[in-house]
Amino acid sequence: MLVHQILKAKSDDKVVTIKPGTSVAEAAELLSTRRIGAVIVSNDGKVPAGILSERDIVRELGRRGAGCMSELVDGMMTSNLVGCTREDTADVVLAKMTEGRFRHMPVMEGEEMVGLISIGDVVKARLSELSMEKEALEGMIMGH
Ligand code: AMP
């Protein structure tokens, strides 16, 4: 299973982004209304400057209290982004996510982001692939 197949299976493939200079409170509101766990920070919606996840917000809330909500996303986001390409396999993506301990990954084409996949998207795609493989093997064993 390849990343472009995972992207195709997603009902909404538009990546939610916010601009640098946005407050953490606005980002949290966006995560809440869009029911997502992370947002890509980007000036033009294409070239990512970083990612801000619910974990970043919770970590800083725990460390420093509610005051951090009025700060800018720029200081709280992770700028050292790990991405993948459309041609990467689901297994490679899962390995990178497990190793890096994160659940989101931008899909890149050169400098530009062409999608975003979450660990949930990858696991869902792998499970459906495994179930199809199981059915095919059962069919072969039963002889139909
Ligand atoms: P997550 O598990 O995706 O909610 O994120 C956990 C931590 O990893 C947070 O500090 C995120 O900012 C960071 N993070 C999330 N996705 C990525 C990524 N693709 N590359 C680098 N860091 C990431």
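The structure presented is a predicted model; accordingly, all values stated were derived computationally and were not measured.

Caption draft 1: Structural context of helix H6 (residues 119-142). If you check H6, its first and last C-alpha atoms are 34 Å apart, about what 24 residues at 1.5 Å a residue would give, namely 34 Å. Regarding H6, the residues found buried are Asp 121, Val 122, Ala 125, Glu 129 and Gly 139. Turning to H6, the residues buried within the fold contact helix H1 (3-9), helix H5 (90-100) and strand E5 (112-118). Note on H6: the residue one or two positions beyond its end, Gly 143, has a positive phi of about 85°.

Caption draft 2: Local environment of the sheet that holds strand E2 (residues 38-42). Pairing in this open sheet of three strands is mixed, and the strands run E1-E2-E3 from one edge to the other. A single partner strand is all that each edge strand has here, and the edge strands are strand E1 (17-18) and strand E3 (48-53). As paired strands, E1 and E2 are joined by two bridges and run parallel to one another. When the bridges of E2 are listed, Ile 18 appears paired with Val 41.

Caption draft 3: Spotlight on the site of the ligand. If you check the shell around the ligand, you find 14 residues, and the closest are Ser 53, Asp 56, Thr 78, Arg 103 and His 104. In this structure, an oxygen atom belonging to the ligand sits 2.6 Å away from a side-chain N or O atom of Ser 53. Arg 103 places a polar side-chain atom, nitrogen or oxygen, 2.7 Å from an oxygen atom of the ligand. Here the ligand occupies the second largest pocket. Elements supplying a minimum of two residues to the shell around the ligand: E3, helix H3 (54-64) and strand E4 (104-109). No other element matches E4, which puts three residues into the shell around the ligand.

Calculation rules
- Residues numbered from 1 in each chain as written.
- Predicted model: local features only at pLDDT ≥ 70, side-chain atom pairs only at ≥ 80, totals over all residues.
- Heavy atoms only, no water.
- Helix = DSSP H or I, 4+ residues; strand = E, 2+ residues; numbered from the N terminus.
- Expected span 1.5 Å × (residues − 1).
- Buried < 20%, exposed > 50% of the residue type's maximum accessible area, 1.4 Å probe, protein only.
- Contact = heavy atoms within 4.5 Å.
- Pairing = 2+ DSSP bridges.
- Near = heavy atom within 4 Å.
- Polar contact = N/O pair within 3.5 Å; in protein donor to acceptor, adjacent residues only side chain to side chain.
- 1 Å grid on protein atoms, 1.4 Å probe; cavity = no way out; pocket = protein on both sides within 12 Å on 5 of 7 lines; lining within 4 Å.
- Sits in = over half its atoms within 2 Å of the grid points.

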